[in-house]
Amino acid sequence: MIILVTLLIAISFSLLFINIIFIILFPTFTKKPYSNLNHLSISVIVAFKNEEKNLENLFSSLERLNFPKEKFEVILVDDNSSDKSYQKAVELSHLKVNFRVLKAENKTYPGKRGALDIGINSAKHMHILITDADCMPAKNWLIGYSEKFIAGYEMLFGLAPFKQLQGLTNKISCFENLRSSFLTFAFAKLGLPYSAAARNFGFTIEAYQKLGGFSNTLETPSGDDDLLIREAVKNKLKIGVVDFKDSYVFSESKNSLKEFLNQKARHTKTALHYLPIHKILLLLWHSLNILTLASIFLLALNLLFVLPFIIKMLLDMILVLRIQRIIKYDFKIYEIIYLQLMYELSLIINFFLSFRKNIVWKI
């Protein structure tokens, strides 16, 4: 029994050491990109389906971008919407010389990949940024990517936080987003990129063509971003993060717990197709975290089992408090405690849900 307690405490301190390294690696997002650089020309691609109510906010955000209008274009691709999204996009694009609206006809790939591919192949510029119709890019979004592309990166991703509102589902979504962002940025800084949010994602046309477009990412209906990163890693492309102030892309979280779980099941299903090194490291990371948290259930055997649990919870509290303001979140201490428990539990639930065959896909 003492050996098991000692082992769990050792694991807890190992997690402490790893988290300190990850916190050091996590960007501060305080530095602004240089606004006086000779900016690259950029094509922004938005594939949308039934997003009529979100398009106005998207257009407003894109019009506020701190970037010369002659240096970027926006291509919106309607993927067979059943509402008036296409008409709305055409209406909002009227008289905007750098906006185009296309229909996703004769797609090479199924679903969202096919719509994105049409937009990418229609792009005038050699640097591509992707976002979603329900998103609101911050003002330095394009400047940040331009500076990183100039530095020689072939594939990039940035921070994509949710707007923090009231309600349990929103809190769970924001907390999960914080924990996921923490991992993806830390791994990328270690030279082990494995995931990105498609709503804040970019690459060069040359890189896209070198990877064969989305042709090698068709294992799941979703996950075009993560699996494209997988192919980029396999082909040794230069992958980086856009870690400048105001280079985020904001969006709203799912409205219900059912929608949230369905979304995370999709993401977990994609994770089953990561490279072996990433699957091993993520499995190890999550297993160690869940194991130390579960030690609380062994209290009946020995009171010392409370120590790994306490160390784990204190560690999580420090971590969240350290980086939450960077990601534009504000969790109270009591919220961190129960949200961390729910987060670890959701990892287990999502793992089993990912094996369902009837996961609903939006696009």
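Preceding block: the structure.
Note that the structure is predicted; figures quoted are calculated from it, not measured.

Chemist: Quick rundown of helix α10 (residues 276–294)? Include the residues and the values.
Modeler: With 19 residues, α10 extends 26 Å from end C-alpha to end C-alpha; this agrees with the ideal 27 Å at 1.5 Å per step. Among the residues making up α10, those that are buried are His-278, Leu-282, Trp-285, His-286, Asn-289, Thr-292 and Leu-293. With its buried residues spanning 130 degrees around the axis, α10 presents them on a single face. For α10, the exposed residues set more than 90 degrees away from the buried face come down to Pro-276, Ile-280 and Leu-283.

Chemist: Help me get a handle on unusual backbone geometry, residues and values and all.
Modeler: Even without glycine at this site, Asp-246 takes up a positive phi of about 60 degrees. Residue placement: Asp-246 occurs in the loop between β8 (239–242) and β9 (249–251). Even without being a glycine, Lys-328 presents a positive backbone phi close to 70 degrees. Counting through the fold element by element, Lys-328 comes out in the loop between α11 (306–323) and α12 (333–353).

Chemist: Describe a positive patch on the surface, listing the residues and the values that go with them.
Modeler: A cluster of basic residues, Lys-32, Lys-139, Lys-245 and Lys-328, forms a positive patch at the surface. Inspection of the secondary structure assignment puts Lys-32 in the loop between α1 (2–25) and β1 (42–48).

Chemist: So, the packing of helix α2 (residues 55–63) against helix α3 (residues 85–93): which residues are in play, and what are the values?
Modeler: Following both chains from N to C, one finds α2 and α3 inclined at 30 degrees, their axes separated by 10 Å at the closest point. Taken together, the axes of α2 and α3 are roughly parallel relative to one another. Judged by the sense of rotation from one axis to the other, the crossing of α2 with α3 is right-handed. Residues Leu-55, Glu-56 and Phe-59 of α2 lie in contact with α3, whose contacting residues are Ser-85, Lys-88, Ala-89, Leu-92 and Ser-93.

Chemist: Before we move on, could you go through α2 and cite the residues and values that matter?
Modeler: Leu-55, Leu-58, Phe-59, Ser-61 and Leu-62 are the residues of α2 that are buried. Along the long axis of α2, the arc covered by the buried residues comes to 160 degrees, so they all point the same way.

Chemist: Requested: an account of the nonpolar core, with residues and values cited.
Modeler: Of all hydrophobic cores here, the largest spans 67 residues; its most connected members are Met-155, Phe-203 and Phe-331. Not counting the four nearest positions on each side in its chain, Met-155 is found in contact with Phe-201, Gly-202, Phe-203, Leu-211, Leu-228, Ile-229, Ala-232, Lys-238, Ile-239 and Gly-240. In this structure, Ile-42, Leu-58, Tyr-145 and Val-242 belong to the second largest nonpolar core, which totals 29 residues.

Chemist: Tell me about the sheet that holds strand β6 (residues 155–158), and please be specific about residues and values.
Modeler: As summarised here, the arrangement of the seven strands in space is β3-β2-β1-β4-β7-β6-β8, forming an open sheet in which the pairing is mixed. Whereas interior strands pair on both sides, the edge strands pair on one side only; in this sheet they are β3 (99–103) and β8. The average angle at which neighbouring strand axes cross in this sheet is 25 degrees, direction not considered. Across the sheet, helix α5 (residues 141–150) touches β1, β2 (72–78), β4 (127–131), β6, β7 (201–204) and β8, and the angle it forms with β4 is around 140 degrees.

Chemist: Could you give an account of a nonpolar patch on the surface, naming the residues involved and the relevant values?
Modeler: Residues Leu-272, Ile-348, Phe-351, Phe-352 and Phe-355 make up a contiguous nonpolar surface patch of roughly 480 Å² in combined accessible area. By secondary structure assignment, the location of Ile-348 is in helix α12.

Chemist: Before we move on, could you go through the side chain of Lys-171 and cite the residues and values that matter?
Modeler: If you trace the backbone, Lys-171 turns up in helix α6 (residues 168–189). When near neighbours in sequence (up to four residues on either side) are disregarded, Lys-171 contacts Phe-331, Glu-335, Tyr-338 and Leu-339.

Chemist: Give a detailed account of the environment of Val-320, specifying residues and quantitative values.
Modeler: Here Val-320 is to be found in helix α11. The exposure class of Val-320 is buried, given its relative accessible area of 0%.

Chemist: Break down the packing of aromatic side chains for me, citing the residues and quoting the values.
Modeler: The final tally for this structure, using the stated rule, is 23 aromatic pairs. Relative to Phe-214, the ring of Tyr-109 has its centre 6.0 Å away and its plane inclined at 90 degrees; by these criteria the two rings are edge-to-face. Within this pair, whereas Tyr-109 is found in the loop between β3 and α4 (111–121), its partner Phe-214 is found in the loop between α7 (205–210) and α8 (224–234), the two being separated by 105 residues in sequence. Residues Tyr-109 and Phe-214 agree in their burial class; the two are buried. On the numbers, 5.4 Å between centres and 70 degrees between planes, the contact of Phe-157 with Phe-185 is edge-to-face. Of this pair, Phe-157 sits in strand β6 while Phe-185 sits in helix α6; the two residues are 28 residues apart in sequence, bridging distant segments of the chain. As far as the burial class goes, Phe-157 and Phe-185 line up, both buried.

Chemist: Tell me what's going on with the pairing of β6, and back it up with residues and numbers.
Modeler: Both faces of β6 are covered, namely the face carrying Met-155 and Phe-157 and the face carrying Leu-156 and Gly-158. Relative to β8, β6 runs parallel, the two sharing four bridges. Across the sheet, Phe-157 pairs through a bridge with Val-241, a residue of β8.

Chemist: Before we move on, can you summarise the pairing of β7 with the specific residues and values?
Modeler: Of the two faces of β7, the one holding Phe-201 and Phe-203 and the one holding Gly-202 and Thr-204 are both buried throughout. In the sheet, β6 pairs with β7 via three bridges, with the strands oriented antiparallel. Each residue of the ladder has a partner; that of Leu-156, found in β7, is Gly-202.

Conventions used here
- Residues numbered from 1 in each chain as written.
- Predicted model: local features only at pLDDT ≥ 70, side-chain atom pairs only at ≥ 80, totals over all residues.
- Heavy atoms only, no water.
- Helix = DSSP H or I, 4+ residues; strand = E, 2+ residues; numbered from the N terminus.
- Expected span 1.5 Å × (residues − 1).
- Buried < 20%, exposed > 50% of the residue type's maximum accessible area, 1.4 Å probe, protein only.
- Arc of directions from axis to C-beta.
- Patch = residues over 30% accessible without salt bridge, like charges linked within 9 Å, V, L, I, M, F, W, Y side chains within 5 Å.
- Areas by Shrake-Rupley, 256 points an atom, 1.4 Å probe, with all protein chains shown as cover.
- Salt bridge = Lys/Arg side-chain N within 4 Å of Asp/Glu carboxyl O.
- Lys, Arg positive; Asp, Glu negative; His and termini not counted.
- Charge placed at Lys NZ, Arg CZ, Asp CG, Glu CD.
- Axes fitted to C-alpha atoms, helices over the stretch in contact; angles between N-to-C directions.
- Parallel < 35°, antiparallel > 145°, perpendicular 65-115°, else oblique.
- Left-handed = near helix turned anticlockwise from the far one by under 90°.
- Contact = heavy atoms within 4.5 Å.
- Core = buried A, V, L, I, M, F, W, Y, C linked by side-chain atoms within 4.5 Å.
- Pairing = 2+ DSSP bridges.
- Phe/Tyr/Trp six-rings, centres within 6.5 Å; stacked < 30°, edge-to-face > 60°.

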